[in-house]
Amino acid sequence: MKKNYYDESVMIDSCKEGVCIAESKKTVEEAVRYLCQDELFGVLATTGRDQPYTSLISFASTDDMKYILFSTPTETRKYNFIKEHEKVSVLVDNRSEGFKNLNKISAVTAIGRARVAEKEESAAWEDLIIRKHPNLEQFVKSKTTSTIVIEVSSYVYVRRFQEVFQWKPE
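This text gives an overview of the structure that appears in the document. (Residues numbered from 1 in each chain as written. Predicted model: local features only at pLDDT ≥ 70, side-chain atom pairs only at ≥ 80, totals over all residues. Heavy atoms only, no water.)

## Side note on the overall build of the protein chain
How we decide: Under the DSSP-based scheme used, a helix requires at least four consecutive residues in state H or I and a strand at least two consecutive residues in state E, with every element numbered from the N terminus. Buried means the residue's accessible area, taken with a 1.4 Å probe over protein chains only, is under 20% of the maximum for its type, while exposed means over 50%, and partly exposed covers the values in between. Here, two residues are considered to be in contact whenever any of their heavy atoms come within 4.5 Å of each other. Using the Shrake-Rupley algorithm and a 1.4 Å probe, accessible areas are obtained, with residue cover drawn only from the displayed protein chains.
From N to C terminus, the protein chain includes 4 helices and 9 strands. The buried share of the protein chain, reckoned over its 170 residues, is 42%. Long-range contacts, defined as pairs at least 24 residues apart, comprise 67% of the intrachain contacts of the protein chain with a sequence gap of at least 6. Of the roughly 10,700 Å² of accessible surface on the protein chain, a fraction of 51% belongs to carbon and sulfur atoms.

What follows is the structure in structure tokens.
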């Protein structure tokens, strides 16, 4: 399979006076985990008809951070775009916390491949979504709703607008 731009390593941009500050993998992983577990919403980017398309989603992530999950009605653009193009990304940020101090805002982009959950695996994924979003139980379990599973290949974490880190869940 041909690699794309996002499969390449990202330069960790936290250098001062030519000396890069070592950022431990654990620290980046913790920051990514914190954002994905604490924030309720993300912006899903899909490939639409000749242009990108974004949607606000309520999501959950697995404990190992390898998967991001959300539910959507099957009669939506995002559902149809995912069926046509599996490559997606999800942006999660904490801008609502950092309004008074912009340097505290951080964001993570999860990059991966999305698919509709198979019937036999849906219940487990739905339980994860409902655990994080109990108010969505009726929607998640609706017959007109499907669970989307994103297998995350990497996370790109940005803090202070210019410090960029990449982490791959293993």
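## Brief notes about the environment of Leu44
Position of Leu44 among the secondary structure elements: in strand E3 (residues 41-47). For Leu44 and Ser58, which are 14 residues apart along the polypeptide, the C-alpha to C-alpha distance reads 9.7 Å. Those residues in contact with Leu44 that lie beyond four places of it in its chain are Tyr53, Thr54, Ser55, Ile57, Phe70, Lys78, Ile82, Val88, Ser89, Val90 and Ile150.

## Concerning the pattern of salt bridges
Put simply, the rule is: In the sections that follow, a salt bridge refers to a side-chain nitrogen of Lys or Arg positioned within 4 Å of a carboxyl oxygen of Asp or Glu.
Using the criterion set out here, one finds 7 salt bridges in the structure. Where Arg113 meets Glu86, a salt bridge forms, and the shortest distance between an N and an O atom there is 2.5 Å. In this pair, Arg113 sits in strand E7 (residues 106-116) while Glu86 sits in the loop between helix H2 (77-84) and strand E6 (87-93), placing the two residues 27 residues apart along the sequence. Note that Arg160 is salt-bridged to Glu163, the shortest N-O span being 3.0 Å. Using a relative accessible area of 40% as the deciding quantity, one classes Arg160 as partly exposed.

## Focus on H2
The condition that has to hold: This arc describes the spread of directions from the helix axis toward the C-beta atoms.
Listing the buried residues of H2 in full gives Lys78, Tyr79, Phe81 and Ile82. Summarising the axial view, the buried residues of H2 lie within an arc of 165 degrees, below the 170-degree limit, and thus occupy one face. When the buried face of H2 is taken as reference, the exposed residues oriented beyond 90 degrees from it are Arg77 and Lys83. Those residues of H2 that are buried lie in contact with E3, strand E4 (52-61), strand E5 (67-73), E6, E7 and strand E8 (145-159).

## Things to note about the packing of aromatic side chains
Definition in use: Pairs were defined over the aromatic rings of Phe, Tyr and Trp, the Trp ring being its six-membered one, requiring ring centres within 6.5 Å. Orientation was assigned from the angle between planes: stacked under 30 degrees, edge-to-face over 60, tilted for the rest. Any Lys NZ or Arg CZ found within 6 Å of a ring centre and within 35 degrees of that ring's normal is scored as a charge over the ring.
With the rule as written, the count across this model stands at 4 aromatic pairs. When the ring of Tyr53 is compared with that of Phe81, the centres are 5.5 Å apart and the planes differ by 75 degrees; the resulting orientation is edge-to-face. Note that Tyr53 is positioned in strand E4 and Phe81 in helix H2, a separation of 28 residues in sequence. Overall, the relative accessible area of 27% leaves Tyr53 in the partly exposed class. In this structure, Lys132 packs its charged tip against the face of Phe59, placed 3.9 Å from the ring centre.

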